[in-house]
Amino acid sequence: MSVWRIQGGEKLAGMTPVQGSKNAVLPVLAAAILTDSETELTNVPALRDVDASLHILRKLGCNISREGDSVLIDAAPAAGCELGRDLTGQMRSSVIFLGAVLARSGRARIALPGGCELGPRPVDLHLQVMRALGAQAEMEGDDIVCRAEKLRGAHIDLPFPSVGATENAMIAACAAEGTTVIHGAAREPEIVELQGFLRAMGAVMSGAGTDRIVIDAFRPKKHVTWSVMPDRIGAATLLCACACAGGDVELLGSEPGHIAAVTDALSAMGARVDIGENRVRIICRGRLTAPGRVVTRPYPGFPTDAQPLLMAAALTARGGTVFEENIFDRRFRHASQMVRMGADIRTEGRLAVVRGVERLHGAHVLAEDLRGGAALILAGLGAEGETVVEDPGHVDRGYESLDGALAALGAHIGKN
Ligand code: EPZ
């Protein structure tokens, strides 16, 4: 259990780099077993989910070496095709390995960690994708079991733009004979990143970023190098931190276009947001104005991962905000903890109604998921007194050193 201690009231100031993207690097790590050549990744963030992914790759037989933010993967010896609960329990999104293991071995057994803090995590769309590509795909208890003599190119119609199912389809389709077209694909920047990586590996692929992705062929190249894109939710986290604490913060190495929905919301709240080539600066002076309504949607809509983070900034804004969470069933668990800090929030199904209060006070609260935990830390920055966030390890799954980044900007924060 980590315990985060935040003394509220300190404004933030300074410049800080944005870490490599968790949600981009995880599918890239899985896709590295598509070839027998070496893959060298840089700007790999130091996260527990990355550690878990590297552990899985080693268990599958890969040789892994890591130095700083560089990771070298030699997938030639990889032969495993089963990921037991002991491996997948460490990382919620272990399903991300399904397409790669099936593509490499012709079969896969992936134990699922089941529902997580955000609600049930069904995998029906992942099964649909594998069946469309010609595999037998069934659930056996909590295991996904797939096998395919040969994967065949197909037209895949996703009824919902699932990020993970789109990624699994892109990866598995690289091993399929013939062309695959994914209709209704997710459009997130992490999808575009994965296409870039797969192309670097030798895929003939196009359309990522739109709802139609075409995978024509895969001719593996030798020794692939790839630098991981910046983490857009990590960037959104630091911008919302400044909105909570007040101050003047500049993010370096971020992709402003990836977080336009978040910077638009912060600007609407009265923050000054300056967008540069690959930098974003936010200046927050005085009390912000509530954004009114925030509706989470698949990209390019407002990202569900930033919903808890913007809520933290809305807690003391002038006026009310209605948050509508359309992606996950249980993504307001941070609300009750924020109420312990003096926030005025009522949740009902997919809606959370926030009425801005003058100020929050420090409290002893519990992190119940990754972004909710980060949001409680952010709320503590603007609260009076000390906030203690008990965290069973959620925040470090997604942030390289959130305490280090915030402390470097002047926050009075410690973790043990
Ligand atoms: C990815 O999760 C991200 N995780 C999530 O970030 C992010 O919130 C989510 O995409 C949406 O943007 C990673 O990239 C590792 P989905 P994923 O499949 O792929 C339902 C974070 O905080 N669904 O797009 O699991 C599902 O239940 C994490 O960094 C099905 O019904 O998201 C959910 O309601 C949290 N059947 C919705 O779709 C399926 O087969 C979105 O899921 C698959 C998903």
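Here the residue index of a chain counts from 1 through its sequence in written order. The predicted origin of the model limits local features to residues at a pLDDT of at least 70 and limits the giving and counting of side-chain atom pairs to 80 or more, whereas totals for whole chains, interfaces and linings rest on all residues. The side-chain figures draw on all heavy atoms in the structure; neither hydrogens nor water molecules are used.

1. Some points on unusual backbone geometry
Item 1. Cis peptide bonds are those with omega within 30 degrees of zero, and the linkage from Tyr 299 to Pro 300 qualifies with 10 degrees.
Item 2. Secondary structure follows DSSP: runs of H or I at least 4 residues long count as helices, runs of E at least 2 residues long count as strands, and numbering of each begins at the N terminus. With respect to the secondary-structure elements, Pro 300 resides in the loop between strand E18 (292–295) and helix H10 (307–314).
Item 3. Even without being a glycine, Asn 43 presents a positive backbone phi close to 60 degrees.
Item 4. Note on classification: 1.4 Å probe, protein chains only; a residue is buried when its accessible area is under 20% of the maximum for its type, exposed when over 50%, partly exposed between these limits. Judged by relative accessible area, which is 24%, Asn 43 ranks as partly exposed.
Item 5. Look at His 223: it is not a glycine, yet its phi comes out positive at around 40 degrees.
Item 6. By secondary structure assignment, the location of His 223 is in the loop between strand E13 (212–218) and strand E14 (224–227).

2. Quick word on helix H9 (residues 260–268)
Item 1. Considered for burial, the residues of H9 that qualify are Val 262, Thr 263, Ala 265 and Leu 266. The buried residues of H9 occupy an angular sector of 155 degrees when projected down its axis, which confines them to one face. For H9, the exposed residues set more than 90 degrees away from the buried face come down to Asp 264 and Ala 268.
Item 2. The contact criterion used throughout is that any non-hydrogen atoms of two residues lie within 4.5 Å. Lining the buried residues of H9 we find helix H8 (232–245), strand E16 (272–275), strand E17 (279–284) and H10. Here the arc refers to the directions that run from the helix axis out to each C-beta atom.

3. Describing the environment of Thr 289
Item 1. Within the element layout of this structure, Thr 289 appears in the loop between E17 and E18.
Item 2. We classify Thr 289 as partly exposed; its relative accessible area is 37%.
Item 3. Measuring from C-alpha to C-alpha, the distance between Thr 289 and Ser 267 comes to 9.7 Å, with 22 residues separating the pair along the chain.
Item 4. Excluding residues within four positions of it along the chain, Thr 289 makes contact with Met 269, Ala 317 and Arg 318.

4. Description of the domain arrangement of the protein
Item 1. The assigned domain composition of the protein is domain 1 (2–19 + 230–415) and domain 2 (22–216).
Item 2. A straight line from the C-alpha centre of domain 1 to that of domain 2 covers 30 Å.
Item 3. Counting from both sides, the interface comprises 26 residues of domain 1 and, opposite them, 20 residues of domain 2.
Item 4. In total, about 2000 Å² of surface goes out of reach between domain 1 and domain 2, with carbon and sulfur atoms giving 54% of it.
Item 5. By definition here, a salt bridge exists when the distance from a side-chain nitrogen of Lys or Arg to a carboxyl oxygen of Asp or Glu is within 4 Å. If you look at where domain 1 meets domain 2, you find two salt bridges.
Item 6. Among the salt bridges present, the one from Asp 49 reaches Arg 397, with a minimum N-O distance of 3.0 Å. For the domain bounds, the source is a domain assignment made automatically or taken from a database. Buried surface area refers to the total accessible area, computed with a probe of radius 1.4 Å, that the two partners give up upon joining, counted for both partners together.

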